[in-house]
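The residues making up each chain are set out below.
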Amino acid sequence: MSKPNYRDIARQAGVGTATVERVLNGRGGVRPELVEKVIIAARALDYPRKLPDTHRGLLRIEVLMVRPETTFYQRLSAAFERIAATLDPLVIVHRSFTEEMKPEEIARRILSAGLRRAALILAVPSNPVIGAAVEKVSAQGLPVVHVVTRASERTGEFVGIDNYAAGRTAALFISRMARRTGPVFAICHPIYQVHRDRIRGFSDYFLEHPDATSFQCLGFGLDEEHLGAELLSSALRMYPDLAGLYNAGGGNSALINVLRRQARERGIFFVGHELTDYTRSALQDGVMDVVLDQAPEAQARRSLDLVLRRIGLTEIEPDQAPIRFITITKEGL
């Protein structure tokens, strides 16, 4: 019996001979599902040469995020898209979003076995249900990387800034640079461990450096614009001499609008996170004083580097240090 050739493999796989040639010679540019068909056909026909690894071209890296309407997650998603375009065309980086307040749905997405995955990158909140799902897929051998925030404290590598240090930095700026002494108000989203870490750092700094300017009140804004606006309006009524404001999470645009309407002349020193169109404008007109940007582009790059190392596509071990957050003021724009 004659040895199989490209035409035999093409017929068996239901593709053209040019596709077979590209796959067997590792020249790329072929859809993953066709790569798989060619390799299976070649093996079935006992093609007499070393075949490419079956996983090559079929590596699907799943990225699951929340809050697609926010600038931060739009930046993170766009960063994954740009980096994916520079990888081997047969490595798929699939990005999708889910609702942050539905932990059962997030867990279901994590556990989904509908598509074969080489690794999982998560930017979702922590919750016992979500954590259990992460631990289950990790125990099955799926590499898991948490980016921005941890969905599980027990398993998976974390890529993000030092959030405790970010909170202390915000407190340092307010303590040293506020235009007057007085109470300080902070807002966070309690379902995110990283937000809690920021508030812990913020609070610890003021406890260690007691002064006339002090951290007095914490509100849970849930990163919701209207809720954050209500919390800040209440704080302005409660503390007419409010000296500082720290937003540890999102929803800055509503806070900026409240400060412009209700407290423009009070000179409240405002520190928040993430450089967006709103925060850039607020820095320029003096409503906001400092932005701590956690560089989602760098987080996307590091998380993909970790995944590629864990699945054996590179031998370079990524840096394990926290991502450096960027301090931005009006003068640095």
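Relevant structure appears above.
Note that the structure is predicted; figures quoted are calculated from it, not measured.

Draft legend 1. Inspection of helix 12 (residues 296–310) at higher detail. Look at helix 12: 21 Å from first C-alpha to last across 15 residues, which is about the 21 Å you get at 1.5 Å a residue. Along helix 12, the residues classified as buried are Pro296, Gln299, Ala300, Arg302, Ser303, Leu304, Leu306, Val307 and Leu308. Backbone geometry just after helix 12 places Gly312 at a positive phi near 90°.

Draft legend 2. Expanded view of the sheet that holds strand 8 (residues 244–247). Spatially, 7-6-8-9-10-11 is the arrangement adopted by the 6 strands of the open sheet, whose pairing is mixed. This sheet does not close on itself; its edge strands, each paired only once, are strand 7 (214–220) and strand 11 (326–328). Across the sheet, the mean angle separating the axes of adjacent strands is 15° when strand polarity is ignored. Note that strand 6 (residues 183–188) and strand 7 share 6 bridges and pair parallel. What sits directly across from Phe185, in strand 7, is Cys217.

Draft legend 3. Inspection of the pattern of salt bridges at higher detail. Considering all chains together, one arrives at 19 salt bridges under this definition. Put simply, Glu157, Arg309, Arg310 and Glu317 are held in one network by salt bridges that share partners.

Draft legend 4. The arrangement of the pairing of strand 4 (residues 144–147) in detail. Burial of the side chains of strand 4 extends over both faces: Val144 and His146 are buried on one face and Val145 and Val147 on the other. Relative to strand 4, strand 3 (residues 119–123) runs parallel, the two sharing 3 bridges. Directly across from Leu120, in strand 4, lies its bridge partner Val144. As a crossover connection, the stretch from strand 3 through helix 6 (residues 128–139) into strand 4 is right-handed.

Draft legend 5. Focus on the sheet that holds strand 4. Reading across from one edge, 2-1-3-4-5 is the order of the 5 strands in this open sheet, with parallel pairing throughout. Because the sheet does not close on itself, it has two edges, and the strands there are strand 2 (91–98) and strand 5 (157–159). Adjacent strand axes in the sheet meet at a mean angle of 20°, parallel and antiparallel pairs treated alike. Here strand 1 (residues 59–66) pairs with strand 2 via 8 bridges, running parallel. Of the residues in strand 2, the one forming a bridge with Glu62 is His94.

Draft legend 6. Region of interest: the packing of helix 7 (residues 163–177) against helix 8 (residues 193–208). At their nearest, the axes of helix 7 and helix 8 sit 6 Å apart, and the two run at 40° to each other. The orientation of helix 7 with respect to helix 8, classified from their angle, is oblique. Between helix 7 and helix 8 the crossing geometry is right-handed. Note on element contacts: helix 8 touches helix 7 through Val194, Asp197, Arg198, Arg200, Gly201, Phe202, Asp204, Tyr205, Phe206 and Glu208, opposite Asn163, Tyr164, Gly167, Arg168, Ala170, Ala171, Leu172, Ile174, Ser175 and Arg176.

Draft legend 7. How the structure looks around the side chain of His146. As for its position among the elements, His146 is in strand 4. Polar contacts involving the side chain of His146 include one to the main-chain amide nitrogen of Ala151, which spans 3.2 Å. For His146, the residues in contact, after removing those within four places along its chain, are Leu122, Val134, Ala151, Ser152, Thr155, Gly156, Glu157, Phe158 and Val159.

Draft legend 8. Inspection of helix 10 (residues 252–262) at higher detail. Listed as buried for helix 10 are Asn252, Ser253, Ala254, Leu255, Ile256, Val258 and Leu259. Those residues of helix 10 that are buried lie in contact with strand 6, helix 9 (225–238), strand 8, strand 9 (269–273) and helix 11 (277–284).

Draft legend 9. Structural context of the packing of aromatic side chains. Taken as a whole, this structure holds 6 aromatic pairs when the rule is applied. Measuring from ring centre to ring centre gives 6.5 Å for Tyr6 and Tyr47, while their planes differ by 40°; the resulting arrangement is tilted. With Tyr6 in helix 1 (residues 6–13) and Tyr47 in the loop between helix 3 (32–44) and strand 1, the pair connects residues that are 41 residues apart, well separated along the chain. Take Tyr6: its relative accessible area is 25%, and that puts it in the partly exposed class.

Draft legend 10. Representation of the environment of Ala282 within the structure. Residue position: Ala282 is located in helix 11. Note on Ala282: relative accessible area 0%, which makes it buried. Measuring from C-alpha to C-alpha, the distance between Ala282 and Asn257 comes to 9.3 Å, with 25 residues separating the pair along the chain. Not counting the four nearest positions on each side in its chain, Ala282 is found in contact with Ile256, Arg260, Val287 and Met288.

Draft legend 11. Quick peek at the state of the cysteines. Under the definition given, this model contains 0 disulfides. Not part of a disulfide, Cys217 finds its nearest cysteine sulfur in Cys188, a span of 11 Å.

Draft legend 12. Examining the packing of helix 1 against helix 2 (residues 17–24) more closely. Axis separation between helix 1 and helix 2 bottoms out at 8 Å; the angle between their running directions is 105°. On the basis of the axis angle, helix 1 is roughly perpendicular to helix 2. Of helix 2, the residues touching helix 1 (which contributes Tyr6, Arg7, Ile9 and Ala10) are Thr17, Val20, Glu21 and Leu24. Tallied by class, residues from the contact of helix 1 with helix 2 come to 5 nonpolar, 1 polar and 2 charged.

What counts as what
- Residues numbered from 1 in each chain as written.
- Predicted model: local features only at pLDDT ≥ 70, side-chain atom pairs only at ≥ 80, totals over all residues.
- Heavy atoms only, no water.
- Helix = DSSP H or I, 4+ residues; strand = E, 2+ residues; numbered from the N terminus.
- Expected span 1.5 Å × (residues − 1).
- Buried < 20%, exposed > 50% of the residue type's maximum accessible area, 1.4 Å probe, protein only.
- Pairing = 2+ DSSP bridges.
- Axes fitted to C-alpha atoms, helices over the stretch in contact; angles between N-to-C directions.
- Salt bridge = Lys/Arg side-chain N within 4 Å of Asp/Glu carboxyl O.
- Right-handed = clockwise from strand over helix to strand, strands pointing away.
- Parallel < 35°, antiparallel > 145°, perpendicular 65-115°, else oblique.
- Left-handed = near helix turned anticlockwise from the far one by under 90°.
- Contact = heavy atoms within 4.5 Å.
- Polar contact = N/O pair within 3.5 Å; in protein donor to acceptor, adjacent residues only side chain to side chain.
- Phe/Tyr/Trp six-rings, centres within 6.5 Å; stacked < 30°, edge-to-face > 60°.
- Disulfide = S-S within 2.5 Å.
- Nonpolar A, V, L, I, M, F, W, Y, C, P; charged D, E, K, R; others polar.

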